[in-house]
2 protein chains.
Amino acid sequence: MKIFEEQEIRQFIHVNEQAIKVVEEGFSALAKGIVTLPPIMRIDIPENNGEIDVKTAYIKGLDSFAIKISSGFFNNASLGLPSLSGMMLLLSSQTGLAKSILLDNGYLTDVRTAIAGAIASKYLAKKQVEQVGIIGTGTQARYQLEALSLVREFSTVIIFGRNDLSARRYAKEMETQLGKPVIIAESIEEVVKTSDIVVTTTPSTQPLIKAEWLHPGLHITAMGSDAEHKQELDANIFEQTDVIVCDVKTQCFRLGELHHAKSKEIITDDSPIIELGDLTAGFKKGRENQKQITVCDLTGTGVQDTVIARFAFEQLTNKDK
Amino acid sequence: MKIFEEQEIRQFIHVNEQAIKVVEEGFSALAKGIVTLPPIMRIDIPENNGEIDVKTAYIKGLDSFAIKISSGFFNNASLGLPSLSGMMLLLSSQTGLAKSILLDNGYLTDVRTAIAGAIASKYLAKKQVEQVGIIGTGTQARYQLEALSLVREFSTVIIFGRNDLSARRYAKEMETQLGKPVIIAESIEEVVKTSDIVVTTTPSTQPLIKAEWLHPGLHITAMGSDAEHKQELDANIFEQTDVIVCDVKTQCFRLGELHHAKSKEIITDDSPIIELGDLTAGFKKGRENQKQITVCDLTGTGVQDTVIARFAFEQLTNKDK
């Protein structure tokens, strides 16, 4: 049983084409119905403003699968500690024995989450993109933009963050990394109205994007909401959306943006909602023309964890060969 | 973050009075309603005759809690590997960060399971016990007897196992360990009819004990059934039981002996079923006289894992002080 530390994992696993392929295969397996995907196990510790999620998925026939423990403790900043952490266990699906512990402190979750965002844009955004908008200025704001640049070319980025300092730091970093202008917007409205793709990456509990700001051709990926009380999009956005996509329908109906739209009866069990795996597997079409408005709601699924943990283990154990 | 190996854990953690106290406190916390206990996460891998369970529990106010991964892969024997394995993660309930990984390969589960059995007998068996009966001859058969000897004195042991060789080996080992005669029975009927306490420790999927073998004063602890398809007791035993106890009612109604009794409408949601924590916390009485027939159904709960992992971590980190 091999234990890998964060530093080593960061050195060998990156947001790149290979990782996109691996995560796409995971989503396709979901669509093919060959994934055992138990509901997320969640432990809330409200007195410490914390929660822990356990996710897992077994893709039938594969020799290993992951169990991921991820934590979010939002008083940690005041203790000088990161809010988010976690680790992944890779178990043999033949013997149940542990093959590896990946002490990634949430890095692999960042990677697989960013890649799901890129996959959403790959199938749903227009081919020709001028400006990309990002709401939020945290770690995922960085990775989402990095991943997005693998699937679409774009000229400029416009960002919005509540904290001016964080926004400026983020803009500067991304300008250097991408070699493209990164504009700091005055408002979320400005971001949405001027972008072809918008990615929301916040822990917001109040809708940030209003339906009246949507415009033909827009694609939105909302990746922040992964709990009942979180919400980034006004529920009535789904009244104007031509193509609604999500990672796992049952989960998004419980935890994601779709949860709020469903409770307001804007969508129902019978609404034509596509799962991301239906796009990667080629079972359904994403965007069909330049005018459609598309939205993808991501809550994060155990199948992403299983494929990224398997990929990381493979890369880390083959690195000396 | 400290990682401990099985050997070190085995050296410092034992089935003893201290561990009984710790597990009793866990059950009492459950009864007091101060435990967050998410449902068990289960991944079935039927093509490899395997299953993995994830259990957890957070006792409000305590600074850490465990997430336990345990596996049972029943083709492993043919590969020369143990069928059961597992590990425990101890996380800070203040920051979500990992405090320890206990690579116990299921040892701590064996300990906390045996201790729950001892606690059941402590509150439910007669004070004066002549003979103890054990059904099954595996690892738990050993630990259950060891734990039981901490809470009751008894003169002889009678055992039954399907495999003659295993039964003889088990009998010999326990005679040496306990310094008491261990008789090998011809049948399960003989065990039940001649014992004051019977502990069933098998993965049986067919009832092993029949109602007509019960007798006044008998206590049975059934610890084998922890999945829908497992069963050690005939469901109609519960028609003749004066005191029905279980570890967690909702869980036993889904996975344990009570599940089968409920599906046959022998018990209902309104039956007077006591949880083990009600006994340890002193909220309810166990056995009240020499004539009662008592049964305890154990499925195993995350709260046992949390208290034993915390105890192990404490013992292991204080050992040099």
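Only a predicted model underlies this, so the values are computations on that prediction, with no experimental measurement involved.

1. Concerning the relation of the copies chain A and chain B
Least-squares fitting of chain A to chain B yields an RMSD of 0.0 Å, with the superposition described by an axial translation of 0.0 Å and a rotation of 180 degrees. Taken together, the rotation and translation describe the operation of a two-fold axis. Minimal C-alpha separation from the rotation axis in chain A is found for M41(A), amounting to 3.3 Å. Comparing interface residues between copies, 100% of those in chain A also sit at the interface in chain B, which points to an isologous, same-surface contact.

2. Considering the environment of L298(A)
All names here are of chain A. Mapped onto the elements of the fold, L298 is located in the loop between β15 (294-297) and α10 (302-318). L298 gets classed as buried once you count the C-beta atoms within 10 Å, which come to 28. Taking C-alpha positions, L298 is 9.6 Å from L255, a pair spaced 43 residues apart along the chain.

3. Remarks on the sheet that holds strand β10 (residues 182-184) of chain A
Residues and elements named next belong to chain A. The strand order β10-β9-β8-β11-β12-β15-β13-β14 describes an open sheet built from eight strands, whose pairing is parallel. Looking at which strands have only one partner, the edges of the open sheet turn out to be β10 and β14 (273-275). Between one strand axis and the next, the sheet turns through 20 degrees on average, direction left out of account. Relative to β15, strand β12 (residues 219-222) runs parallel, the two sharing four bridges. Looking across to β15, one finds that A222 is bridged to D297. Against the sheet, helix α4 (residues 139-148) touches β8 (131-135), β9 (156-160) and β11 (197-200), its axis set at about 160 degrees to β8. Across the sheet, helix α5 (residues 164-178) touches β9 and β10, and the angle it forms with β10 is around 170 degrees.

4. What about the domain arrangement of chain A?
All names here are of chain A. The domain architecture assigned to chain A consists of domain 1 (2-108 + 303-318) and domain 2 (123-300). Contacts between the two partners involve eleven residues from domain 1, matched on the other side by twelve residues from domain 2. At seven residues, the largest contribution of residues to the side of domain 1 that touches domain 2 is made by helix α2 (residues 17-31). Class assignment for the residues of the side of domain 1 that touches domain 2 results in five nonpolar, three polar and three charged.

5. Some remarks on unusual backbone geometry
Unusually for a residue other than glycine, N49(A) sits at a positive phi of about 55 degrees. When you line up the elements, N49(A) lands in the loop between β3 (41-45) and β4 (50-59).

6. Describing the nonpolar core
Ranked by size, the top nonpolar core spans 216 residues in total, and within it L102(A), I115(A), L102(B) and I115(B) carry the most contacts. In this view, L102(A) contacts F4(A), I9(A), M87(A), M88(A), L90(A), L108(A), A309(A) and A312(A); residues no more than four positions away in its chain are not counted.

7. A word on the sheet that holds strand β9 (residues 156-160) of chain B
Residue and element names in this part refer to chain B. The parallel open sheet is built from eight strands, whose spatial order is β10-β9-β8-β11-β12-β15-β13-β14. Both edges of this open sheet fall to β10 (182-184) and β14 (273-275), since each of them pairs with a single strand only. Recorded for the sheet is a direction-independent mean angle of 20 degrees between the axes of neighbouring strands. Most of the contacts of helix α3 (residues 107-124) go to strand β12 (residues 219-222), to which it runs at about 160 degrees, and overall it touches β11 (197-200), β12, β13 (243-246) and β15 (294-297).

8. A closer look at the interface of chain A and chain B
Of the residues lining the interface, 32 residues belong to chain A; the matching set on chain B comes to 32 residues. Put simply, the parts of the chain that give the side of chain A that touches chain B at least two residues each are β3, β4, β5 (64-73), β6 (84-92) and β7 (98-103) of chain A. For the side of chain A that touches chain B, the per-class residue count stands at 18 nonpolar, twelve polar and two charged.

9. Looking at the environment of F12(B)
Residues and elements named next belong to chain B. With respect to the helices and strands, the residue F12 is situated in helix α1 (residues 6-12). A count of 14 C-beta atoms within 10 Å places F12 in the partly exposed class. Counting along the chain gives 304 residues from F12 to L316, while the straight-line C-alpha distance between them is 6.7 Å. Beyond its immediate chain neighbours, meaning those up to four positions away, F12 contacts Q315, L316 and K319.

Conventions we followed
Once a new chain begins, its residue numbering starts again from 1 and follows that chain's sequence as written. Each chain takes a letter, starting from A, and each ligand takes a number, starting from 1, following the order in which they are written. Reporting of local features is limited, given that this is a predicted model, to residues whose pLDDT is at least 70; pairs of side-chain atoms are given and counted only at 80 or more, and all residues count toward the totals for whole chains, interfaces and linings. Only residues with pLDDT of at least 70 in both copies count here: their C-alpha atoms drive the least-squares fit that superposes the copies. A pair of residues counts as a contact when their C-beta atoms, built from backbone coordinates, are separated by no more than 7 Å. Helix numbering and strand numbering both begin at the N terminus, where a helix is a DSSP run of H or I of at least 4 residues and a strand a DSSP run of E of at least 2. Put simply, a residue is buried when 20 or more other C-beta atoms lie within 10 Å of its own C-beta and exposed when 12 or fewer do; between those, it is partly exposed, and each C-beta is set from the backbone. For two strands to count as paired, DSSP must find a minimum of two bridges between them. Lines fitted to C-alpha atoms define the axes here, with helix axes fitted over just the stretch in contact, and angles between the N-to-C directions of these axes take values from 0 to 180 degrees. For every domain, the bounds stem from an assignment made automatically or drawn from a database. Gly is placed with the polar residues, together with every amino acid not listed as nonpolar (Ala, Val, Leu, Ile, Met, Phe, Trp, Tyr, Cys and Pro) or charged (Asp, Glu, Lys and Arg). To form a nonpolar core, buried Ala, Val, Leu, Ile, Met, Phe, Trp, Tyr and Cys residues must be joined through C-beta atoms within 7 Å.

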